[in-house]
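Fold and geometry: a report
Listed below are the residues making up each chain.
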Amino acid sequence: MAVIDKLSIGQFRNLICQYITPSKGINLFIGNNAQGKTNLIEAIYYLGHNRSFKTKSIKEVISFNYDKFQLEAQVGDCRIRFEKSKIKNFISVNQQRINNTSRLSQILPIQIITPDKGFIVNGTPKNKRSYLDWGVFHVKPDSAKVFKTYNKTLKNINTLLVTNKENELDFWFLALAKAAAEINKNRVKYLQKLKETTFDNQAELLSPLIDPLNKFDYKFSSGWPKGVDEINEQSIYQYLSKNTTTLLKTKYLNYGSHKASINFSLNDKNECFLSRGEQKALSIIFWLTQVLFLVNLKINPVVLIDDLSSELDSKKINSVLHYLKAIKVQTFITDIGHNLSTINNIKPTIFQIDDGIIQPMK
Ligand SMILES: Nc1ncnc2c1ncn2[C@@H]1O[C@H](COP(=O)(O)OP(=O)(O)OP(=O)(O)O)[C@@H](O)[C@H]1O
Ligand SMILES: [Mg+2]
């Protein structure tokens, strides 16, 4: 079970030098606009992913007039430490340097719900894949290896297509087919299990988000063309092999597991026809079901929700909070705090953020 017992932040955006000791349950951070709420969520996300969800640039997250940032978190027996600048990239766990981000994700699995990352329902395929593979990775940590192999192989194939090296393609087609079939098997299995969780007892708590009579459904789209059996290595290989001439003309592989997606629907209506409110509510159901699924496997992720009330009305806020409390995951929520009565119901630990200074609310 992942719980951040202590968090220290140094020179990360407008959060200069401080530490907090969050509770194991729901932590609420209140502040007006531009005080540092999203920055705090971004810092915690960074600790679990070794990247930001807002930018690829290290320079952007380092506080103005400083040349490095530092983050430290005590998560159970593990002390994660980051020190990063434009030239330094130091990450350690219990004082041992690590270079492997998947180890971080295992120590500190993080599920994030933020308008900055976009909704999953009617979201981009890239965003859908990122949530899907986050789940797959936590259920099957060694899936990270097969993704690496797939991406490396795909890169080689695209280079061979551009340079017209037809003779060398066959070897890499076989390798890609093998990796793709495994990725597809993992993704299909994960989504099947996730769907079973949607009807779990705890999931009932989310019914205020969407009328239980409505039929919320999602289907995996493997990225491979119709007619290819996505979990069969041979079928994928044959497709690649048969289409070599076309691929040599297009010069890149525009089908494959790197194009996978999830197609959502509500009452058989495609996700693109849903209202923004429906897309929001269904996205939250999907994300929280992923969390519950992992909780059932005794992998309790830390949940980050930025700007809670801007996304939901009070009835929905209430159901999300009661759900998170019931499944006992450590949660970090930010809010402007104009509608605290709903949130106070579940007795969170409250902190105030003012101009980058975080203090427990008395
Ligand atoms: N690298 C940086 N160094 C210092 N300050 C920064 C840096 N990057 C952003 N900021 C500042 O941090 C402040 C807080 O930003 P943040 O996005 O956390 O606000 P917020 O509390 O989430 O506000 P809102 O309620 O509007 O979402 C902003 O004024 C922003 O300009
Ligand atoms: Mg914000």
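**What about the nonpolar core?**
Core analysis: the biggest nonpolar cluster contains 75 residues, and Ile44 and Leu304 have the highest contact counts within it. Top contributing element to this core by residue count: helix α9 (residues 276-296), with 11 residues. Both domains that furnish three or more residues to this core are identified here as domain 1 (1-109 + 300-362) and domain 2 (118-297). Apart from residues lying up to four places away in sequence, Ile44 is in contact with Leu7, Ile110, Leu304 and Phe332. Counting 19 residues, the second largest nonpolar core, distinct from the first, contains Leu160, Trp172, Ile183 and Tyr237.

**Focus on unusual backbone geometry**
The phi dihedral of Lys251 falls on the positive side, at around 75 degrees, and the residue is not glycine. Structurally, Lys251 can be placed in the loop between α8 (244-250) and β10 (261-266). For Lys251, a count of 13 C-beta atoms within 10 Å puts it in the partly exposed group. At Asp307, a position not held by glycine, the phi torsion is positive, near 60 degrees.

**Some details on the sheet that holds strand β11 (residues 269-270)**
For sheets, the rule is that strands pair by backbone hydrogen bonds, running either parallel or antiparallel. Sheet architecture is open: 3 strands sit in the order β9-β10-β11, paired in antiparallel fashion. Of all strands in the sheet, those with a lone pairing partner are β9 (216-221) and β11, marking the two edges. Both β9 and β10 contribute to a ladder of 6 bridges, which runs antiparallel. Its bridge partner being in β10, Lys219 is matched across the sheet by Asn263.

**Considering α9**
Compared with an ideal rise of 1.5 Å per residue, which puts 21 residues at 30 Å, α9 spans 30 Å between its outermost C-alpha atoms and is within 8% of the ideal. Of all 21 residues in α9, 15 are buried; the element is thus mostly enclosed. Immediately downstream of α9, the backbone of Lys298 shows phi near 65 degrees, a positive value.

**Remarks on the domain arrangement of the protein**
Parsing the protein into structural domains produces domain 1 (1-109 + 300-362) and domain 2 (118-297). The straight-line distance from the C-alpha centre of domain 1 to that of domain 2 is 28 Å. In this complex, domain 1 contributes 17 residues to the contact, which on the side of domain 2 involves 17 residues. For the side of domain 1 that touches domain 2, the secondary-structure elements that each account for two or more residues are α3 (101-107) and α11 (314-326). Among the elements that line the side of domain 1 that touches domain 2, the one with the most residues is α11, at 7 residues. Split by residue class, the side of domain 1 that touches domain 2 holds 8 nonpolar, 6 polar and 3 charged.

**Some points on the sheet that holds strand β7 (residues 96-97)**
Within the open sheet, the 6 strands sit side by side as β2-β1-β4-β5-β6-β7. Their pairing is antiparallel. Each end of this open sheet is capped by a strand with a single partner; those strands are β2 (15-20) and β7.

**So, the site of ligand 1**
If you check the shell around ligand 1, you find 17 residues, and the closest are Asn14, Asn33, Lys37, Thr38 and Asn39. At the level of elements, α1 (37-49) and α2 (58-61) are the ones that each hand at least two residues to the shell around ligand 1. Of all the elements, α1 adds the most residues to the shell around ligand 1, at 3 residues. Tallied by class, residues from the shell around ligand 1 come to 5 nonpolar, 8 polar and 4 charged.

**Remarks on the environment of Cys272**
Residue placement: Cys272 occurs in the loop between β11 and α9. Sequence-wise, Cys272 and Val121 are 151 residues apart; in three dimensions their C-alpha atoms are separated by 8.4 Å.

**Description of the environment of Ile44**
You can see Ile44 is positioned in helix α1. Considering only alpha carbons, one finds Ile44 and Leu292, 248 residues apart in sequence, at a separation of 20 Å.

**Points about the pairing of strand β12 (residues 302-305)**
Along β12, one buried face is formed by Val302 and Leu304 and the opposite face, lined by Val303 and Ile305, is buried too. As defined by bridge partners, strand β8 (residues 110-113) adjoins β12 across 4 bridges and the pair is classed as parallel. Across the sheet, residue Ile110 finds its bridge partner in β12, namely Val302. Pairing between β12 and strand β13 (residues 331-335): 3 bridges, direction parallel. Within β13, the position partnered with Val303 by the bridge is Thr331.

**A closer look at the packing of helix α4 (residues 125-139) against helix α6 (residues 166-198)**
Axis separation between α4 and α6 bottoms out at 10 Å; the angle between their running directions is 90 degrees. By the angle between their axes, α4 is roughly perpendicular relative to α6. Together, Leu132, Gly135, Val136 and Val139 of α4 and Asn186, Arg187, Tyr190 and Leu194 of α6 make up the contact between the two elements. Residues of the contact of α4 with α6, tallied by class, amount to 5 nonpolar, 2 polar and 1 charged.

**Overview of the pairing of strand β6 (residues 89-93)**
Across 5 bridges, strand β5 (residues 78-85) lies against β6 in antiparallel orientation. Within β6, the residue paired with Ile80 across the bridge is Val93. Count of turn residues in the β5/β6 antiparallel hairpin: 3 residues. Where β6 meets β7, 2 bridges bridge the pair, whose relative direction is antiparallel. The residue bridging Val93 from the neighbouring strand is Gln96, located in β7. The loop that links β6 with its antiparallel partner β7 comprises 2 residues; one of these, Asn94, has a positive phi angle of about 50 degrees.

Definitions and limits used
- Residues numbered from 1 in each chain as written.
- Chains lettered and ligands numbered in written order.
- Predicted model: local features only at pLDDT ≥ 70, side-chain atom pairs only at ≥ 80, totals over all residues.
- Core = buried A, V, L, I, M, F, W, Y, C linked by C-beta atoms within 7 Å.
- Buried ≥ 20, exposed ≤ 12 C-beta atoms within 10 Å, placed from the backbone.
- Helix = DSSP H or I, 4+ residues; strand = E, 2+ residues; numbered from the N terminus.
- Domains from an automatic or database assignment.
- Contact = placed C-beta atoms within 7 Å.
- Pairing = 2+ DSSP bridges.
- Expected span 1.5 Å × (residues − 1).
- Nonpolar A, V, L, I, M, F, W, Y, C, P; charged D, E, K, R; others polar.
- Near = placed C-beta within 6 Å.
- Axes fitted to C-alpha atoms, helices over the stretch in contact; angles between N-to-C directions.
- Parallel < 35°, antiparallel > 145°, perpendicular 65-115°, else oblique.

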